[in-house]
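Here is what each chain is made of, one letter per residue.
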Amino acid sequence: MKLKLTFILFLLPSYLCFAQSKDAKQQEFDTKIEVINQLAREGKVMQAIIEAEDLKTFAYENFIDSSPNLKTILFKLNFYYRVTKDAQNELKTNIELNKLRLNELEKETLSYKESLKNLIGFYKVTSNPSEIIQMFTQVNKSLLSHTDAVLDGRLNDEKEFFINQNILPYFHLFHSFAYKHNYKYGTFNNLLVNNTLLTKGALLNTSKDILANLRSLADTDITNKINNYINEKEFIALQLSLPEHQRVKEFYVRRDRLGGLESELIYLYQQHYKDERKQPINWRRTALLENEISIEFTHFKQFDGEWTDNVIYVAQLFKKNWRYPKIIPLFEEKELRNQLNGHSASSLYLTRGSKGQQINASNYSKELYNLIVSPFEDELKDISKIYFSLDGILHQIAFSALVNNDNKRLIALYDLEQVSSSRVITLKRTLPTLDDALLVGGIDYDFNAEGKTKLFSNQPSYAELLATKSNLSEDQLKTTWPYLKGTATEIGRIHELLNTNSKTSKTLINEDATETELKAINGKSPKVLHIATHGFFFENNSENSEENFEFKNAENPLLRSGLLLAHANYAWQYGSNPYERNDGILTALEISNLDLSQTDLVVLSACETGLGDIKGNEGVYGLQRAFKMAGVDLIMMSLWEVPDMETVEFMNSFYELWLENDDIRQAFIETQRKMHNLYPNNPEKWAAFVLFE
């Protein structure tokens, strides 16, 4: 009982308790804030700064455990220093704000770790499963309450940190217990599946949701702060894509300014929206028909008396009228990695390709089927449609190409629909239209710098680069991106097809398909955005660290994946392009900063656009995550190098079928099935593409 009580106390972290008593000190603080506000309204900013600095000292002396008071005065000082262009003091307050945030995060994490330690202590000494389930359920309820508050009130990086560091270890412990007992407790399986639905896609409720809600307040000051934040974020993303020695002098000042603006926007959001309540997540709300099944794949790190190195994958299945979901163990991650060894599409291809990844060996497809699907094969009887949500390295698998023991591929047996989470399967799912499309392809990647004038004086010129070729890596000197003839044919056919069917479509081709032109759709994007080009993805590999190549070395996975647009070869070889505002290399990080919320579908007709780092339960951190963060609902992308001419055939068929039946999801399924019938032994020609919601 003592362990239980201790744990529950730890489960109420002090960082969430912001209530303050209106004592004399607090009243004195509030009065001085009003004085400072009045001075600022009268235009006496310098006097307001003097008073605010005094009040900051007062706050540190009297409210060291009350971050709202400290934040309030630091936000004001930060703004006044920004207005008066006092960069040194602005930087100082930004550093103080960021330190305050980091201290809060550290306290929060320590609290969760201590709570988990106590829960594990309880678990180790308790042999009664019903008692364990009761405690785990109680703890889970508290975790979900805290998680809702955090996901609603923080921006992306802090959300990710919170989920991965504070929440997932608990969920892994719960799964480890259920796994040990072969998932025989139905009510606890409910909890596990609902937790999966929470964490999958949790971070896709992005910063833009916070910003949109703040904009809706129609407060001029808040709107200006949002605009400043967006500008700084775009600036930092652009600077991060440059080699460190070529970044502007004020980079670090503005990076810290971005941190200060983030802190302020989060605080404003929490003040205005902290009392919102949401409907609890429940797998039973999934709108399945009688002949449909949903499969949530997930993985967890195993706890077996102590934390182990085993990462176990399971399939969580449910149908329309089931009382409880079924959870079926599949494999350890190392087993799947061994299967993928030599077959994975995780290395960079320099062309969209004429050959395609050779994955058509029947033993490979069957081995993967036996590892992933066979354990729950009996549950697929009388099923016509499978919704599935992948997790971890399963994102690298083309499910439609898997072959069962009767030599039949899954695409021939079932309608397959990939979703980010079963939560998207609702009664009123959006059906995108083809009324408005922007088609990008047939791109000229070369750039002639001779005779051009530099826009950025801190970056070396073409002549200077030629004189210092020895500083460039061999890969950079050799690598250029070739013109893709098939992409010009592809968008030309689609453009003609749409126009013939009275649909509006525009094209960006050759030298007009620039990064600048594509970014210009920010906030006014088309319903359909189709980009046919080269895509790239670099794994986080320390062996690349000596190369002078920012995209390989970047810590942020959103900088290690992207799309190539007009004139990209120059920056790809030399690290940057001082002659153009944008260098033609559109990184996933830059995409994530765009507002594409009006776009229903993005088609990435390029190689390996579905790849990226595998992190937590959020899947692939690459282009797919970037476009989701930008507000796009549906993404069509590829898992490996795709052959040029068959891709043209695939895309043309997809748009034809979409125009025929107005159902984008069914059009994709029928296209894969059609291509499978044409090339039954060559899935490299069609299975790479996945439609992801």
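Cut-offs used in this document
- Residues numbered from 1 in each chain as written.
- Predicted model: local features only at pLDDT ≥ 70, side-chain atom pairs only at ≥ 80, totals over all residues.
- Heavy atoms only, no water.
- Helix = DSSP H or I, 4+ residues; strand = E, 2+ residues; numbered from the N terminus.
- Buried < 20%, exposed > 50% of the residue type's maximum accessible area, 1.4 Å probe, protein only.
- Contact = heavy atoms within 4.5 Å.
- Pairing = 2+ DSSP bridges.
- Axes fitted to C-alpha atoms, helices over the stretch in contact; angles between N-to-C directions.
- Salt bridge = Lys/Arg side-chain N within 4 Å of Asp/Glu carboxyl O.

Colleague: I tried to follow the environment of Gln 418 on my own but got confused; where do I start?
Modeller: Within the secondary structure, Gln 418 is located in strand E5 (residues 415-418). Residue Gln 418 is classed as buried on the basis of its relative accessible area, which comes to 8%. Taking the C-alpha atoms as reference points, Gln 418 and Leu 390, 28 residues apart in sequence, are found 7.9 Å from one another. When neighbours within four sequence positions are excluded, Gln 418 is seen to be in contact with Phe 388, Leu 390, His 395, Val 690, Leu 691, Phe 692 and Glu 693.

Colleague: Help me understand the environment of Leu 110 in this model?
Modeller: Turning to its location among the elements, Leu 110 is positioned in helix H5 (residues 87-125). Since its relative accessible area comes to 51%, Leu 110 is described here as exposed. Separated by 56 residues in the primary sequence, Leu 110 and Asn 166 place their C-alpha atoms 8.9 Å from one another.

Colleague: Before we go on, may I ask you to explain the sheet that holds strand E11 (residues 585-587) in this structure?
Modeller: Strand pairs in the sheet, formed through backbone hydrogen bonds, run parallel or antiparallel to each other. Taking strand neighbours across the sheet as the criterion, the three strands line up as E9-E10-E11 in an open arrangement whose pairing is antiparallel. Pairing within the sheet leaves two strands with one partner each, and these edge strands are strand E9 (535-537) and E11. Neighbour-to-neighbour, the strand axes of the sheet open up by a mean angle of 25 degrees, direction not taken into account. Here three bridges tie strand E10 (residues 561-564) to E11, and the two strands are oriented antiparallel to one another. Of the residues in E11, the one forming a bridge with Leu 563 is Leu 586.

Colleague: Explain the pattern of salt bridges here, please?
Modeller: Charged atoms that come close allow side chains of opposite charge to pair. Scanning the model with the defined rule gives 21 salt bridges in all. Between Glu 104 and Lys 71 there is a salt bridge; the shortest N-O distance is 3.4 Å. Highlighted residues: Glu 104 in helix H5 and Lys 71 in helix H4 (residues 67-83), separated in sequence by 33 residues. Taking the relative accessible area as the measure of exposure, Lys 71 reaches 9% and is therefore buried. The partner of Lys 685 in a salt bridge is Glu 646, and the shortest N-O contact between them spans 2.8 Å.

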